[in-house]
Amino acid sequence: DGGITQSPKYLFRKEGQNVTLSCEQNLNHDAMYWYRQDPGQGLRLIYYSQIVNDFQKGDIAEGYSVSREKKESFPLTVTSAQKNPTAFYLCASSINAVYGYTFGSGTRLTVV
Amino acid sequence: AQKVTQAQTEISVVEKEDVTLDCVYETRDTTYYLFWYKQPPSGELVFLIRRNSFDEQNEISGRYSWNFQKSTSSFNFTITASQVVDSAVYFCALATSYNTDKLIFGTGTRLQVFP
């Protein structure tokens, strides 16, 4: 079945460590997105990519980095520069935004 | 500028009540697309509906119905005879023909249905 997979579901890291969240899709979608969601809050766009080897900053890119070396994969690295990294991270993919997104099941990151 | 407003932050109802979630959008484009997504407690957003700007017909799917009114720039979502399983956060979103690279999301409405 086609879909979008985020791993791991839960992630714990010590403060000051970089951590990479995985997002893989087999839907043949060109566009991929990373969102951050804090408790009781809406979705905030971190980074997005329309094609391989290209990506754009979203509204809250500081402290995060991404790569898009393959169409299927769009990993997100939460760096030590991100001051409040504890949050729920959602990855999404799309043929084109006018068709809507398919979302992954999310990764809950806790930094202690 | 494009914008989506979901003024209702949280709604609580008792099971079997009808409930309407409001969504107001702003865009200067004449061609645009509106969406509703459901985010249950598990966290994954689930697609509910997509509607383009040229189709103002209301849509019904089981207990769910959507009222699209261009005159008021609204795309409201009604759940009839709500159930506990409807408890979730619901997001309204907008995409336009001018800005096709990402969806514009509202801030979401948390619906709690009590037994």
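Let me begin by describing the structure that accompanies this report. In this convention, every chain numbers its residues from 1, walking through the sequence in written order. Written order decides the labels, with chains lettered from A and ligands numbered from 1. It should be noted that, the model being predicted, local features are given only for residues of pLDDT at least 70 and side-chain atom pairs only at 80 or more, the latter also being counted only at that level, while totals for whole chains, interfaces and linings use all residues. Hydrogen atoms and water are omitted, and side-chain values are computed over all heavy atoms in the structure.

### Re the overall build of chain B
Strands are runs of DSSP state E lasting at least two residues, helices are runs of H or I lasting at least four, and both sets are numbered from the N terminus onward. Within chain B one finds 0 helices and 12 strands. Taken from the N to the C terminus, the helices and strands of chain B come in the order β-β-β-β-β-β-β-β-β-β-β-β. Put simply, the radius of gyration uses C-alpha atoms, and a globule should come to 2.2 Å times the residue count raised to 0.38. For chain B, the C-alpha radius of gyration of 14 Å lies close to 13 Å, the compact-globule estimate for 115 residues. Taking the principal axes of its C-alpha atoms as reference, chain B extends roughly 45 × 25 × 20 Å. The proportion of buried residues among the 115 residues of chain B is 46%. By sequence separation, contacts in chain B at least 24 residues apart represent 57% of the contacts at least 6 residues apart. Counting rule for charge: Lys and Arg are taken as positive, Asp and Glu as negative, and neither His nor the chain ends is counted. The location of each charge is read from NZ of Lys, CZ of Arg, CG of Asp or CD of Glu. Mean positive and mean negative side-chain charge positions of chain B (10 and 13 charges, respectively) differ by 3 Å. Each residue gets one of three labels from its accessible area relative to the maximum for its type: buried under 20%, exposed over 50%, partly exposed in between, using a 1.4 Å probe on protein chains only. Only heavy atoms enter the contact rule, under which two residues are in contact if any of them lie within 4.5 Å.

### A look at the nonpolar core
Within this scheme, the nonpolar core is defined by two criteria: the residues are buried Ala, Val, Leu, Ile, Met, Phe, Trp, Tyr or Cys, and they are joined through side-chain atoms within 4.5 Å. If you look at the biggest cluster of nonpolar residues, it comprises 24 residues, and the most contacted ones within it are Trp36(B), Phe77(B), Tyr90(B) and Leu111(B). Sort the elements by how many residues they give to this core and strand 10 (residues 88-96) of chain B lands first, with 4 residues. Ala31(A), Val98(A), Tyr101(A) and Leu45(B) belong to the second largest nonpolar core, which has 23 residues in total.

### Focus: the pattern of salt bridges
All names here are of chain A. A pair is scored as a salt bridge if a Lys or Arg side-chain nitrogen falls within 4 Å of a carboxyl oxygen belonging to Asp or Glu. Enumeration over the complete set of coordinates arrives at 7 salt bridges over all chains. Measuring nitrogen to oxygen at the nearest pair gives 3.3 Å for the salt bridge that ties Asp 30 to Lys 71. Linking Asp 30 in the loop between strand 3 (19-25) and strand 4 (31-37) with Lys 71 in the loop between strand 7 (64-66) and strand 8 (76-78), this pair joins segments that are 41 residues apart in sequence. The class for Asp 30 is partly exposed, based on a relative accessible area of 37%. Each of Arg 36, Asp 38 and Arg 44 takes part in one network of salt bridges that share partners.

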